[in-house]
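Each chain, letter by letter, is given below.
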Amino acid sequence: MSDLLQTNRVILAHFDSYSAALLFARWEHGLLGPAALPATATPAAAPAQIAPEHEGAAVLQAAIAHYGLNPAEVTRMEDFDAWYQEEGQLIRVHVLRFTGFEAPAELIAEQGGVMRAISALRGAAMSELLLLREVFNILVGGAQRATT
């Protein structure tokens, strides 16, 4: 796993604007990749200046390499920004959105994940479900994420 993916997490999502179908990747460990948030992580305010290890473009490239994603079919959602803190370490959560016609379900399955609608993700950690709800509100409802 890339060092960048140790201080960041990603939500993998696919939104079909034609049918309004929104799918998220779910892994055995939860809804964030490549690992769940630490159990003791708490929400944090965004720093005044973003350090290189939390830069969105770099995290996107690290996730493309880690998951074997097609770089032409994935983008980072700039209007989503979530931060957590755990033992003085900041962790940033990014949303990577698949832009192809269909979600890359086979690619995700090859890595032990599944693509599911938010309604099929019950039982996941509440903190992760709340993040997905914010993504849902941005993509489906056009809402802006509240910043802390």
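Note: the structure precedes this text.
All figures in this text were calculated on a predicted structure; none of them were measured in a lab.

K.L.:
For this particular structure, what's the right way to read the overall build of the protein chain?
P.N.:
When helices and strands are tallied, the protein chain shows 3 helices and 7 strands. Reading the helices (α) and strands (β) of the protein chain from amino to carboxyl end gives β-β-β-α-β-β-β-α-β-α. Here the protein chain has a C-alpha radius of gyration of 14 Å; the compact-globule value for 148 residues is 15 Å, and the two agree. Judged by the C-alpha coordinates and their principal axes, the protein chain covers about 40 × 30 × 25 Å. Burial analysis of the protein chain (148 residues in total) assigns 43% to the buried set. In the protein chain, once contacts between residues fewer than 6 apart in sequence are set aside, the share between residues at least 24 apart is 73%.

K.L.:
Explain helix H1 (residues 56–67) to me, please; I cannot follow it from the model alone.
P.N.:
Within an α-helix, residues lying three or four positions from one another point in the same direction, as the helix has 3.6 residues per turn. Taking 1.5 Å per residue, 12 residues should reach 16 Å; H1 reaches 16 Å between its end C-alpha atoms and fits that length. Looking at the buried residues of H1, the elements they touch are strand S1 (8–16), strand S4 (74–76), strand S6 (89–98) and helix H2 (105–110). Gly 68, located one to two residues past H1, shows a positive phi value of around 70°.

K.L.:
For this particular structure, what's the right way to read the environment of Ala 44?
P.N.:
Inspection of the secondary structure puts Ala 44 in the loop between strand S3 (42–43) and H1. Through-space distance from the C-alpha of Ala 44 to that of Thr 7 is 14 Å; in sequence the pair is 37 residues apart.

K.L.:
Can you help me understand unusual backbone geometry in this one?
P.N.:
Note: most residues except glycine have negative phi, and most peptide bonds are trans. Across the junction of Gly 33 and Pro 34, the peptide omega takes the value -5°, indicating a cis bond. Take Pro 34: it is sitting in the loop between strand S2 (21–26) and S3. Positive phi outside glycine occurs at Glu 87, with the angle close to 50°. Tracing the sequence through the fold places Glu 87 in the loop between strand S5 (82–86) and S6. Residue classification places Glu 87 among the exposed residues on the basis of a relative accessible area of 75%.

K.L.:
Looking at this structure, I do not really get the pairing of S6. What am I missing?
P.N.:
Each regular strand displays side chains that alternate between the two surfaces of the sheet. Along S6, 7 of the 10 residues are buried, which leaves the element largely enclosed by surrounding structure. Pairing between S1 and S6: 7 bridges, direction parallel. Within S6, the residue paired with Ala 13 across the bridge is Arg 97. Across 3 bridges, S4 lies against S6 in antiparallel orientation. Its bridge partner lying in S6, Arg 76 is registered against Leu 96. Relative to S6, S5 is paired through 5 bridges, and the arrangement is antiparallel.

K.L.:
Whenever I open this one, the pattern of salt bridges confuses me. Can you help?
P.N.:
One side chain can pair with another of opposite charge once the charged atoms of both are near each other. Here the structure, examined in full by the defined rule, presents 2 salt bridges. Notably, a salt bridge pairs Glu 78 with Arg 76, separated by 3.0 Å at the nearest N-O pair.

So, how was this worked out
Residues numbered from 1 in each chain as written. Predicted model: local features only at pLDDT ≥ 70, side-chain atom pairs only at ≥ 80, totals over all residues. Heavy atoms only, no water. Helix = DSSP H or I, 4+ residues; strand = E, 2+ residues; numbered from the N terminus. Rg over C-alpha atoms; globule rule 2.2 N^0.38 Å. Buried < 20%, exposed > 50% of the residue type's maximum accessible area, 1.4 Å probe, protein only. Contact = heavy atoms within 4.5 Å. Expected span 1.5 Å × (residues − 1). Pairing = 2+ DSSP bridges. Salt bridge = Lys/Arg side-chain N within 4 Å of Asp/Glu carboxyl O.

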